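# Structural features, examined
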Amino acid sequence: MTSLFTPEGKSVPCTLIEAGPCTVTQVKTVDNDGYAAVQLGFGERKEKNTPNALAGHFKKANATPKKKVVEFRLEDTTLSLGDIVKADLFEEGEFVDAIGTSKGKGFQGVVKRYNFAGVGGQTHGQHNRGRHPGSIGACSWPSRVFKGMRMAGRMGGDRVKIQNLRVLKVIADRNVIVVSGSVPGAKNSYIVLEK
Amino acid sequence: MSLLLDLVKEEFNEKRASIPNFSAGDTVNIHVKIREGNKERIQQFQGVVIQRRNVNTNGETFTVRKVSNQIGLERIFPLLSPNIEKIELVRRGVVRRARLFYLRGLSGKASRIKEKRK
């Protein structure tokens, strides 16, 4: 992340995203596949690390092996096999959604993981359970803990979608777009952008 | 990723080059653009730089302290803000730390800073 200034002098936090070039590796149609979609491939992958089946798939599109392959549902599209999609697809000022995998936080308690409030005080006789979850259910009925009860555990590493990020800038010759705010995941991780 | 960040940084290269090299302890005079309705005028703010934060990023800021009418006044400026017309280096000071928060507790003669001589 970094920041830019508006003409009025306001500092805007922003993220730089390399958005392309993506190659259309498959076009799915209702007749053929039951639904309409476009499959895009991004990033280079070594040929020796590409399984034969995938290698054949990329060869069909006349493309080099790609690292990431993502499908987008599109009803009617002018894209055809082997086309290249670049960052100039986006316009300044429009809003995009970013989908990524959030950073792993490890084993976390309920206060951090589910925003429980904790006990909320140091007094009234309590001294060592400030961040505990409290009761997790009744006693003789149901004599069990309900499924999905929010407890401590592994946090992060989930699919997260951040909606309505404004595109501040499109640097077309470098295939980079600048969006305001942050996107899920670590630096250099992959995200999916939706218009 | 750092390569990508350079893309945005480059934009401010020109602005950065126009800014004198100052650090904590120096006295600077900042010309700030102020918008009143449609009119724009320039206000000056002169004081001692007491810290620079987030150096070498686009979000770099610096804090300037001055004492006017026995009241200490601190202002934080984003270094690359378009609202800063000009930064003048008035005086270089000799200080032994990067953050001069101790100045807040001092006044008068005690808060003087030695001038740096070449």
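Attention here is on the structure that accompanies the text. As the structure is a prediction and not an experimental result, all values here were calculated from the model. Every chain's residues receive numbers from 1 upward, in the order its sequence appears when written. Following the order in which they are written, the chains are lettered starting with A and the ligands numbered starting with 1. Side-chain atom pairs in this predicted model are given and counted only at pLDDT of 80 or more, local residue features only at pLDDT of at least 70, and totals for whole chains, interfaces and linings cover all residues. Water and hydrogen atoms were dropped before computing side-chain values, which therefore reflect all heavy atoms in the structure.

## Concerning the overall build of chain A
Rules: The way it works is that DSSP assigns letters per residue, a run of H or I at least four long becomes a helix, a run of E at least two long becomes a strand, and they are numbered from the N terminus. As defined in this context, the radius of gyration uses C-alpha atoms, and a globule is described by 2.2 Å times the residue total to the power 0.38. Only heavy atoms enter the contact rule, under which two residues are in contact if any of them lie within 4.5 Å. To be clear on the numbers: accessible area is Shrake-Rupley with a 1.4 Å probe, and residue cover counts the displayed protein chains and nothing else. Counted as positive: Lys and Arg. Counted as negative: Asp and Glu. His and the chain ends are not counted at all. For the purpose of locating charges, the reference atoms are NZ of Lys, CZ of Arg, CG of Asp and CD of Glu.
A count of helical and extended segments in chain A gives 3 helices and 12 strands. Computed over the C-alpha atoms, the radius of gyration of chain A is 23 Å, more than 25% above the 16 Å expected from 2.2 N^0.38 for a compact globule of 195 residues. Taking the principal axes of its C-alpha atoms as reference, chain A extends roughly 70 × 50 × 35 Å. Sequence separation of 24 or more characterises 66% of the internal contacts of chain A that already satisfy a separation of 6 or more. About 12900 Å² of surface is accessible on chain A, with carbon and sulfur atoms providing 50% of the total. Seen as two clouds, the 29 positive and the 18 negative side-chain charges of chain A have centres 15 Å apart.

## Overview of the sheet that holds strand β4 (residues 71-78) of chain B
Residue and element names in this part refer to chain B. To be explicit about the condition: Only strands joined by at least two bridges in the DSSP assignment are considered to pair. Note on geometry: axes are lines fitted to C-alpha atoms, helical ones only across the stretch in contact, with angles between N-to-C directions running from 0 to 180 degrees.
With respect to topology, 5 strands assemble into an open sheet ordered β4-β3-β2-β1-β5, the strand pairing being antiparallel. The outermost strands of the open sheet, each flanked by one partner alone, are β4 and β5 (84-91). Strand-to-strand, the axes of this sheet are offset by a mean angle of 40°, without reference to chain direction. The sheet contact formed by strand β2 (residues 39-53) and strand β3 (residues 61-68) spans 5 bridges and is antiparallel. In the strand pairing of β3, Arg 53 is matched with Thr 61.

## Description of the interface of chain B and chain A
Defined as follows: In this description, buried area is defined as the sum, over both parts, of the accessible area (probe of 1.4 Å) that is lost when the two are combined. Think of a salt bridge as a Lys or Arg side-chain nitrogen and an Asp or Glu carboxyl oxygen that are within 4 Å of each other. Any N or O atom pair separated by 3.5 Å or less is treated as a polar contact, with the protein-specific requirement of one donor-capable and one acceptor-capable atom, and with residues adjacent in sequence counted only for side-chain atom pairs. Note on residue categories: nonpolar means Ala, Val, Leu, Ile, Met, Phe, Trp, Tyr, Cys or Pro, charged means Asp, Glu, Lys or Arg, and polar means any other residue, Gly included.
In this assembly, 15 residues from chain B lie in contact with 17 residues from chain A. Carbon and sulfur atoms make up 65% of the surface buried where chain B meets chain A, a total of about 1400 Å² over both sides. In this structure, Glu11(B) and Lys169(A) form a salt bridge, with 2.3 Å as the shortest nitrogen-oxygen distance. Here chain B and chain A share 4 residue pairs in polar contact (both at pLDDT 80 or more) between them. By residue number, the principal contributor to the side of chain B that touches chain A is helix α1 (residues 2-10) of chain B, which donates 4 residues. Residues of the side of chain B that touches chain A, tallied by class, amount to 9 nonpolar, 4 polar and 2 charged.

## Quick notes on the pattern of salt bridges
Here is the rule we go by: Each residue is assigned to one of three classes by its accessible area relative to the maximum for its type, calculated with a 1.4 Å probe on protein chains only: buried under 20%, partly exposed between the two thresholds, exposed over 50%.
With the rule as written, the count across this model stands at 15 salt bridges over all chains. Between Glu44(A) and Lys66(A) there is a salt bridge, with its nearest N and O atoms 3.1 Å apart. Here Lys66(A) lies in strand β5 (residues 66-73) and Glu44(A) lies in strand β4 (residues 37-44), a separation of 22 residues in the sequence. A relative accessible area of 5% means that Lys66(A) is categorised as buried. Residues participating in the shared-partner salt-bridge network are Arg16(B), Arg52(B) and Glu60(B).

## Topic: the sheet that holds strand β12 (residues 192-194) of chain A
Residues and elements named next belong to chain A. Read across the open sheet, the 6 strands follow the order β1-β2-β11-β10-β7-β12; overall the sheet is antiparallel. A strand with exactly one partner marks an edge of an open sheet, and here the two such strands are β1 (2-5) and β12. Averaged over all adjacent pairs, the angle separating strand axes in this sheet is 45°, with direction ignored. As defined by bridge partners, strand β7 (residues 95-101) adjoins strand β10 (residues 159-171) across 6 bridges and the pair is classed as antiparallel. By the bridge assignment for β10, Ile 99 is matched with Lys 161.

## Focus: the pairing of β1(A)
Of the two faces of β1(A), the one lined by Thr2(A) and Leu4(A) and the one lined by Ser3(A) and Phe5(A) are each fully buried. Between β1(A) and strand β2 (residues 11-18) of chain A, which pair antiparallel and follow one another directly, the connecting turn spans 5 residues, one of which, Gly9(A), has a positive phi of 100°.

## Observations concerning a positive patch on the surface
Basically, it comes down to this: Exposure above 30% relative accessible area and the lack of any salt bridge qualify a residue for a patch; like charges then connect within 9 Å, and the nonpolar side chains Val, Leu, Ile, Met, Phe, Trp and Tyr within 5 Å.
A contiguous patch of positive charge, built from Lys103(A), Lys105(A), Lys112(A), Arg131(A) and Lys187(A), is present on the exposed surface. Secondary-structure assignment places Lys103(A) in the loop between β7 and β8 (106-108).

## Structural notes on the side chain of Lys28(A)
Residues and elements named next belong to chain A. If you trace the backbone, Lys 28 turns up in strand β3 (residues 22-28). Separated by 2.9 Å, the side chains of Lys 28 and Glu 71 make a polar contact. Ignoring any residue separated from it by four or fewer positions in sequence, one finds Lys 28 in contact with Asp 33, Tyr 35, Ala 36, Ala 37 and Glu 71.

## Structural notes on unusual backbone geometry
Along the chain, Trp141(A) connects to Pro142(A) via a cis peptide bond; the corresponding omega equals 10°. Its location among the elements puts Pro142(A) in the loop between α3 (110-114) and β9 (153-155). Within the chain, Asn69(B) stands out as a residue other than glycine whose phi angle is a positive 55°. Judged by relative accessible area, Asn69(B) falls into the exposed class, the value being 67%. Notably, Gln70(B) is not glycine yet its phi reads approximately 65°, a positive angle. With respect to the secondary-structure elements, Gln70(B) resides in the loop between β3 and β4. Judged by its relative accessible area of 77%, Gln70(B) is exposed.

Coordinates in, geometry out; function isn't part of it.
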